[in-house]
Amino acid sequence: ISDKFSGISSVNGMLTVKSGTPLAEVAKYAYKNSLTGIEFASGIPGSVGGAIAMNAGAYGGEMKDVVEFVKVIDDKEIKKEWSCFDRWCLRGILYD
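Residues numbered from 1 in each chain as written. Predicted model: local features only at pLDDT ≥ 70, side-chain atom pairs only at ≥ 80, totals over all residues. Heavy atoms only, no water.

Focus: helix α1 (residues 23-32)
Among the residues of α1, Leu23, Val26, Ala27 and Ala30 are the ones counted as buried. The buried residues of α1 occupy one face: seen down the axis, they fall within an arc of 100 degrees. Looking at the packing, one finds that the buried side of α1 touches β1 (8-11), β2 (14-17) and α2 (48-54). Of the residues one or two after α1, Ser34 is the one with positive phi, at around 55 degrees. (Buried < 20%, exposed > 50% of the residue type's maximum accessible area, 1.4 Å probe, protein only. Helix = DSSP H or I, 4+ residues; strand = E, 2+ residues; numbered from the N terminus. Arc of directions from axis to C-beta. Contact = heavy atoms within 4.5 Å.)

As C-alpha cells, then:
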C-alpha cells in the first residue's frame, strides 16, 4: 500500500495510525515504545483499516478494545468521524 496510507505517529502514548499500515507493524511499534494493549495483534495479518473494519482479535483482545476513534478522510476532508464508544464495527458491519 502506498506511503500515503501507511504510517504511525505517537503523542503522549496515543498512536495515530493510517489505515494501510500493517497491523503487525503497529504492534511492533507499540512494543518498541513500551506501549501496551495491542500485543494481541502481533500475529494478525493485514492492515489496520481491515482490522478495524472486521474488529480483528486474538488471544482475548479485539480492535474495539484499543481504538479510541476513527476518521474517514477523502481528499483531505473528514467525511465521517466517530468515537468507538458511540459506534463500532463488529466483524464487518458498522453499527450506530
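The rest of the description comes next.
Things to note about the layout of surface pockets
Within this model, the largest pocket holds a volume of roughly 1,300 Å³. Of all the secondary structure elements, the ones that give two or more residues to the lining of the largest pocket are β1, β2, α1, α2 and β5 (69-74). With six residues, β5 is the largest single contributor of residues to the lining of the largest pocket. Its residues placed into classes, the lining of the largest pocket shows 22 nonpolar, eight polar and nine charged. (1 Å grid on protein atoms, 1.4 Å probe; cavity = no way out; pocket = protein on both sides within 12 Å on 5 of 7 lines; lining within 4 Å. Points joined across faces, edges and corners; volume = space filled by probe spheres on them. Nonpolar A, V, L, I, M, F, W, Y, C, P; charged D, E, K, R; others polar.)

Some points on the pattern of salt bridges
The final tally for this structure, using the stated rule, is two salt bridges. The closest approach of N and O atoms between Glu62 and Lys64, which form a salt bridge, is 3.4 Å. The class for Lys64 is partly exposed, based on a relative accessible area of 38%. As a salt-bridge pair, Lys64 and Asp65 come within 3.3 Å of each other at their nearest N and O atoms. Several salt bridges share partner residues, and in doing so they unite Glu62, Lys64 and Asp65 into one network. (Salt bridge = Lys/Arg side-chain N within 4 Å of Asp/Glu carboxyl O.)

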